[in-house]
Amino acid sequence: MHDPIPELEDDDDFDRPSKSQLKRDMTALQKLGEDLMALPESRWEPLALPEILHDALRHAKKITNFEGKRRQIQYIGKLMRKIDPEPIREAVAAFKLGHAQDSLRLHQSERWRERLLANDEALQEFLAQHAEVDIQQLRNLVRAARKDAANEPEQRSGRAYRELFQFIKASEAAADE
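Reading the values: rules and limits
- Residues numbered from 1 in each chain as written.
- Predicted model: local features only at pLDDT ≥ 70, side-chain atom pairs only at ≥ 80, totals over all residues.
- Heavy atoms only, no water.
- Helix = DSSP H or I, 4+ residues; strand = E, 2+ residues; numbered from the N terminus.
- Buried < 20%, exposed > 50% of the residue type's maximum accessible area, 1.4 Å probe, protein only.
- Contact = heavy atoms within 4.5 Å.
- Areas by Shrake-Rupley, 256 points an atom, 1.4 Å probe, with all protein chains shown as cover.
- Phe/Tyr/Trp six-rings, centres within 6.5 Å; stacked < 30°, edge-to-face > 60°.
- Lys NZ or Arg CZ within 6 Å of the ring centre and 35° of its normal.
- Expected span 1.5 Å × (residues − 1).
- Core = buried A, V, L, I, M, F, W, Y, C linked by side-chain atoms within 4.5 Å.
- Salt bridge = Lys/Arg side-chain N within 4 Å of Asp/Glu carboxyl O.
- Axes fitted to C-alpha atoms, helices over the stretch in contact; angles between N-to-C directions.
- Parallel < 35°, antiparallel > 145°, perpendicular 65-115°, else oblique.
- Nonpolar A, V, L, I, M, F, W, Y, C, P; charged D, E, K, R; others polar.
- Arc of directions from axis to C-beta.

Participant: Teacher, can you tell me more about the overall build of the protein chain here?
Facilitator: In terms of helices and strands, the protein chain carries seven helices and zero strands. Helices (α) and strands (β) of the protein chain occur, in sequence order from the N terminus, as α-α-α-α-α-α-α. For the protein chain, buried positions account for 30% of its 177 residues. Within the protein chain, counting contacts between residues at least 6 apart in sequence, those at least 24 apart form 55% of the total. Roughly 12,900 Å² of accessible area belongs to the protein chain as shown, and the carbon and sulfur atoms make up 52% of that amount.

Have a look at this one:
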């Protein structure tokens, strides 16, 4: 009455990726192409990209039309299928990490500036962490920035405030090295 269901054989042509997986892979390469496009061109040179991909990336940066840019990114994704994407992923990750670290350093310098302007105890903490700084110059900058902050908003120049930030940023960079 019922036909017995034949047992599935091991070699049923399922050894290749599914169509959905292929689409996910292509989309991932397109996204990687967009990330690569966001890098400065000087970062492309060490990657030894094929000339056609290099030209496609340069051309995509110039396109302003949404649909045209989308098609160009698809083309970049297609070109990227022929190369090893791992070095590109590493370069993009290193670039993003560098930006994050730079941003973190700037925020730390801003916090130090606010603390130094708020109280004198922060000055001692800063000097304890940065023994190589010129104490007199730092005190003069803090004093000038406090004096400038005490002025009316129309009379503030902000010069001392900026100079204090630059001094802190340079001290932080010297301490990192």
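Once you've had a look at it, read on.
Participant: Hey, could you run me through the packing of aromatic side chains in this one?
Facilitator: Pairs of aromatic rings are described using the distance from one ring centre to the other and the angle between the two planes. Enumeration over the complete set of coordinates arrives at one aromatic pair. When the centroid spacing of 5.0 Å and the interplanar angle of 75° are considered together, the rings of W112 and F126 count as edge-to-face. Placement of W112 in helix α4 (residues 86–118) and of F126 in helix α5 (residues 121–129) is noted, with a sequence separation of 14 residues between them. Here the two residues W112 and F126 agree in accessibility, since each one is buried. Geometry around Y161 places R113 over its ring, the cationic atom sitting 3.9 Å from the centre. One cation-aromatic arrangement involves R115 over W112; the distance from NZ or CZ to the ring centre is 4.4 Å.

Participant: Can you walk me through helix α1 (residues 19–38) in this structure?
Facilitator: Counting along an α-helix, one turn takes 3.6 residues, and residues three or four places apart therefore face a common direction. If you check α1, its first and last C-alpha atoms are 29 Å apart, about what 20 residues at 1.5 Å a residue would give, namely 28 Å. As for α1, its buried residues are in contact with α2 (51–62), α3 (66–80) and α4.

Participant: Got a minute to help me understand the nonpolar core in this structure?
Facilitator: A general tendency of soluble globular proteins is for nonpolar side chains to be buried together. Among the nonpolar cores identified, the biggest contains 21 residues, and L36, L49, L53, L57, I76, M80 and I88 are the most heavily contacted of them. For this core, the elements supplying multiple residues, two or more each, are α1, α2, α3 and α4. Dropping the residues within four chain positions of it, L53 is found in contact with I76, L79, M80 and I83. With 16 residues, the next largest nonpolar core counts W112, L138, L164 and F167 among its residues.

Participant: I tried to follow the pattern of salt bridges on my own but got confused; where do I start?
Facilitator: Enumeration according to the criterion identifies ten salt bridges in this entry. The closest approach of N and O atoms between K96 and D35, which form a salt bridge, is 3.6 Å. Of this pair, K96 sits in helix α4 while D35 sits in helix α1, and the two are 61 residues apart along the sequence. When its relative accessible area of 46% is taken as the criterion, K96 is described as partly exposed.

Participant: Help me understand the packing of α1 against α3 in this model?
Facilitator: Packed helices, taken two at a time, are described by the angle between their axes plus the distance between the axes. Viewed as axis vectors pointing N to C, α1 and α3 meet at an angle of 105°, and their least axial separation amounts to 8 Å. Classed by the angle they form, the pair α1 and α3 counts as roughly perpendicular. Here L29, Q30, L32, G33, E34 and M37 of α1 lie close against α3, whose contacting residues are K69, I73, Q74, I76, G77 and M80. Of the residues that constitute the contact of α1 with α3, the class distribution is six nonpolar, four polar and two charged.

Participant: Which parts of the structure should I look at to understand α2?
Facilitator: Counted at 1.5 Å a residue, the expected span for α2 with its twelve residues is 16 Å, and the 17 Å between its end C-alpha atoms agrees. Among the residues of α2, those classed as buried are L53, H54, A56, L57 and A60. In an axial view of α2, the angular spread of the buried residues amounts to 165°, which keeps them on one side of the axis. Exposed side chains of α2 directed beyond 90 degrees from the buried face belong to E51 and K62. Among the structural elements, α1 and α3 are those in contact with the buried residues of α2.

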